[in-house]
Amino acid sequence: MKKLWGGRFRKATDKKVDDFNSSIRFDKRMYKQDIKGSVAHASMLGKQGIIPKEDSEAIVAELKNILNDIEDGNIEFLVDAEDIHMNIEKILTDRIGDAGKRLHTGRSRNDQVALDIRMYLMDETADIEEMLVETMTTFVELAKQHIDTIMPGYTHLQKAQPVTFAHHCMAYYEMFKRDYSRLKDCRKRTNVMPLGSGALAGTTYPLDREYVADMLGFDSVTMNSLDGVSDRDFVIELAGCLSMVMMHLSRFSEELILWSSNEFSFVEMDDAYSTGSSIMPQKKNPDVAELIRGKTGRVYGNLMSLLTMMKGIPLAYNKDMQEDKEPIFDSIDTVKLCLPVFCDMIRTMKVNKNNMYDGAKGGFTNATDAADYLVKKGLPFRDAHAVIGNMVFYCIEHGKAILDLTMDEMRSFSDMIGEDIYDAVSLETCVNDRKVIGGPAKRMTEKAIKKAERFIDSIETDEN
Ligand code: ARG
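What counts and what doesn't
- Residues numbered from 1 in each chain as written.
- Predicted model: local features only at pLDDT ≥ 70, side-chain atom pairs only at ≥ 80, totals over all residues.
- Heavy atoms only, no water.
- Pairing = 2+ DSSP bridges.
- Helix = DSSP H or I, 4+ residues; strand = E, 2+ residues; numbered from the N terminus.
- Phe/Tyr/Trp six-rings, centres within 6.5 Å; stacked < 30°, edge-to-face > 60°.
- Buried < 20%, exposed > 50% of the residue type's maximum accessible area, 1.4 Å probe, protein only.
- Lys NZ or Arg CZ within 6 Å of the ring centre and 35° of its normal.
- 1 Å grid on protein atoms, 1.4 Å probe; cavity = no way out; pocket = protein on both sides within 12 Å on 5 of 7 lines; lining within 4 Å.
- Points joined across faces, edges and corners; volume = space filled by probe spheres on them.
- Polar contact = N/O pair within 3.5 Å; in protein donor to acceptor, adjacent residues only side chain to side chain.
- Contact = heavy atoms within 4.5 Å.
- Axes fitted to C-alpha atoms, helices over the stretch in contact; angles between N-to-C directions.
- Parallel < 35°, antiparallel > 145°, perpendicular 65-115°, else oblique.
- Left-handed = near helix turned anticlockwise from the far one by under 90°.
- Nonpolar A, V, L, I, M, F, W, Y, C, P; charged D, E, K, R; others polar.
- Core = buried A, V, L, I, M, F, W, Y, C linked by side-chain atoms within 4.5 Å.
- Near = heavy atom within 4 Å.
- Areas by Shrake-Rupley, 256 points an atom, 1.4 Å probe, with all protein chains shown as cover.
- Sits in = over half its atoms within 2 Å of the grid points.

Undergrad: Help me understand the pairing of strand β2 (residues 158–164), please; the structure alone is not making it clear to me.
TA: Regular strands place their side chains on alternate faces of the sheet. Where strand β1 (residues 150–155) lies against β2, 6 bridges are found, and the strand directions are antiparallel. Bridging from a neighbouring strand, Y154 pairs with K159 of β2. Counted along the chain from β1 to the antiparallel partner β2, the turn is 2 residues long, and its residue H156 has a positive phi close to 55 degrees.

Undergrad: Quick question: what am I supposed to make of the packing of aromatic side chains here?
TA: The relative placement of two aromatic rings is captured by the distance of their centres and the angle of their planes. Here the structure, examined in full by the defined rule, presents 16 aromatic pairs. Measuring from ring centre to ring centre gives 6.1 Å for F252 and W259, while their planes differ by 85 degrees; the resulting arrangement is edge-to-face. Residue class for F252 comes out buried when judged on its relative accessible area of 0%. Judged by relative accessible area, which is 3%, W259 ranks as buried. Summarising the aromatic geometry, the rings of Y394 and F413 are spaced 5.5 Å apart at their centres and angled 70 degrees between planes, so their arrangement reads as edge-to-face. Taken together, the residues Y394 in helix α16 (residues 381–398) and F413 in the loop between α17 (407–411) and α18 (421–424) connect sequence positions 19 residues apart. Following the ring pairs from residue to residue traces out a cluster consisting of F139, Y154, F165, Y172, F176, F252, W259, F264, F266 and F342. Positioned above the aromatic ring of F9, the side-chain terminus of R8 is 5.7 Å from the ring centre.

Undergrad: Help me understand the layout of surface pockets in this model?
TA: Empty pockets left among the atoms are what a rolling probe the size of a water molecule brings to light. Computed from the structure, the largest pocket encloses a volume of approximately 430 Å³. For the largest pocket, the lining is made up of 23 residues, of which L4, W5, M86, H104 and R109 are closest to its centre. Counting residues per element, the ones that place at least two in the lining of the largest pocket are α5 (84–96) and α7 (109–145). Among the elements that take part in the lining of the largest pocket, α5 stands out by supplying 5 residues, more than any other.

Undergrad: For this particular structure, what's the right way to read the side chain of T105?
TA: Positionally, T105 belongs in the loop between α6 (98–101) and α7. A distance of 2.5 Å separates a polar atom in the side chain of T105 from the backbone oxygen of R102. Sequence-distant contacts of T105, defined by excluding residues within four places in its chain, comprise H41, L45, I50, I51 and Y205.

Undergrad: Got a minute to help me understand empty space enclosed by the protein in this structure?
TA: One pass over the structure, following the stated rule, counts 1 cavity of 30 Å³ or more. Roughly 30 Å³ of internal volume is contained in the largest cavity.

Undergrad: Mind showing me how you'd approach the packing of helix α12 (residues 287–310) against helix α13 (residues 325–348) here?
TA: The packing of two helices is summarised by the inter-axis angle and the distance between the axes. As a packed pair, α12 and α13 sit with axes 9 Å apart at the nearest point and diverge in direction by 160 degrees. By the angle between their directions, the pair α12 and α13 is classed as roughly antiparallel. At the point where α12 passes α13, the crossing takes the left-handed sense. Two secondary-structure elements touch here, α12 through V288, A289, I292, K295, R298, V299, N302, S305 and L306 and α13 through P327, I328, D330, S331, T334, L337, C338, V341, F342 and M345. Of the residues in the contact of α12 with α13, the class split is 12 nonpolar, 4 polar and 3 charged.

Undergrad: What is the right way to read the packing of helix α15 (residues 367–376) against α16 from this model?
TA: Closest axis-to-axis distance for the α15/α16 pair is 8 Å, and the angle between their directions is 135 degrees. Relative to α16, α15 is oriented oblique. Here the hand of the crossing between α15 and α16 comes out right-handed. For the pair formed by α15 and α16, the contact residues are A367, A370, A371, D372, L374 and V375 on the first element and F381, A384, H385, V387, I388 and V392 on the second. Within the contact of α15 with α16, the residues separate by chemical class into 10 nonpolar, 1 polar and 1 charged.

Undergrad: Got a minute to help me understand the nonpolar core in this structure?
TA: One recurring pattern in soluble globular proteins is that nonpolar side chains are buried together. Counting 104 residues, the largest nonpolar core has F165, F252, W259, I328, M345 and M349 as the members making the most contacts within it. Ranked by residue count, the leading element in this core is α7, at 15 residues. Beyond its immediate chain neighbours, meaning those up to four positions away, M345 contacts L256, M269, Y273, V288, A289 and I292.

Undergrad: Sorry if this is basic, but what is going on with unusual backbone geometry here?
TA: Excluding glycine, a negative phi dihedral is what most residues carry, and trans is how most peptide bonds are arranged. Looking along the chain, the bond that leaves L315 and enters A316 is cis, with omega of 0 degrees. Summarising the element assignment, A316 is placed in the loop between α12 and α13. In the Ramachandran plot, H156 falls in the positive-phi region, its phi being about 55 degrees despite a non-glycine side chain.

Undergrad: Where do I start with the site of the ligand in this structure?
TA: The environment of the ligand is formed by S23, D83, H85, R109, N110, V113, Y317, Q322 and K325. In this structure, a nitrogen atom belonging to the ligand sits 2.9 Å away from a side-chain N or O atom of D83. A distance of 2.7 Å separates a nitrogen atom of the ligand from a polar atom in the side chain of Q322. Considering the ligand on its own, with 340 Å² of exposed area, one finds that the protein chains cover 86% of that surface. In a pocket analysis with a 2 Å cut-off to the grid points, the ligand is assigned to the largest pocket.

Undergrad: Which parts of the structure should I look at to understand the environment of K177?
TA: With respect to the helices, strands and loops of the structure, K177 is situated in helix α8 (residues 165–190). Taking C-alpha positions, K177 is 19 Å from L337, a pair spaced 160 residues apart along the chain. In this structure K177 touches M136 and F455, once residues within four positions along its chain are discounted.

Shown next, in the form of structure tokens:
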């Protein structure tokens, strides 16, 4: 096949180089954005009188046919037409001749690919934002069912203080809310229209860049032609945002894997979200959570690939940048694969409230509250800490929990202790007295849930 750029060449490209150079196998997924961009560019060229009106109209009409043909599966892309941009331009020219050959006036593949990738990432980001709203909603729903489900909170994976499962879920709500806002923010910087940057130095044609931006729904146009074609910050930024999403998914997955173990037995994954063993008949494995945790690695890897790929690139466009696509596409695909299955997995899992409660009873999770009890009776905190430290030591020696101690045993540590200590260090009091903003008390959790619901509603009304 004669190349679109074949004029200055006397030899065909080596077959191996065609395969090596070609990006069609992965950039064909941007066909819709490529056509949309070309429609806008051609319309603008016609409006500005840069190409004849009839040609511009013929291009626009035929591009729409090509779009339908691609969607109906009637187009086969060619490896030796290199990429999606030249494949579409070639099909167009084969079909409408000279008019088609005028499409690329005042445009380079460098600003064309920059445009396409921006549009593609904005579309995908919007999808992922919706999935994150779904994820936030799932956590809020779960929290609502577990406002009174007391469980141990951990630091260093050692039992620390009692919290509720609702409070734990709302922690993840906060993480995914930040992920959502990070994606929206990243989309703002992606939402800049590069066409008109040309190969690197703009163009002499009187392009109306703002018209094209308007037509494509961009907020603004890029301000420097060199930067316009060679900026991939927005790709890396998105890869970073997606890494953070995976990190959050992975942390909860890890907790679920741990909590599914016989030792914890805090949760049980639904049969539909677990798998068995080919040899051990008793096994029920949390594969979905493990795979999400595992897939986090490739998404981090993609971020590192992109950063490394870009680090030594002199201005402006270099072919290295074609390597931006597979990693970012893979990160997008992975996150889009994980989020829905994650939501379904946690929606269907069984939460063993009793085991969580029993877990919170062990490990002296109320020791801080016992010390605080003495502080409220007038003892300085450091002294109270020491008294309860002795009490815990005694409990360990005698295989007891603080609440198991008799009044006499209690008072052997401090005569400031009275009957009211039993209530003061009950798990319910420990949780519900933590009424500070952001605390696990029932009242505060209810407030946090209301606030979250209002936030989610505001997104949904914004979108309509
Ligand atoms: N396929 C190329 C890419 O993805 C398009 C731009 C090619 N430009 C060029 N001058 N070779 O980056």
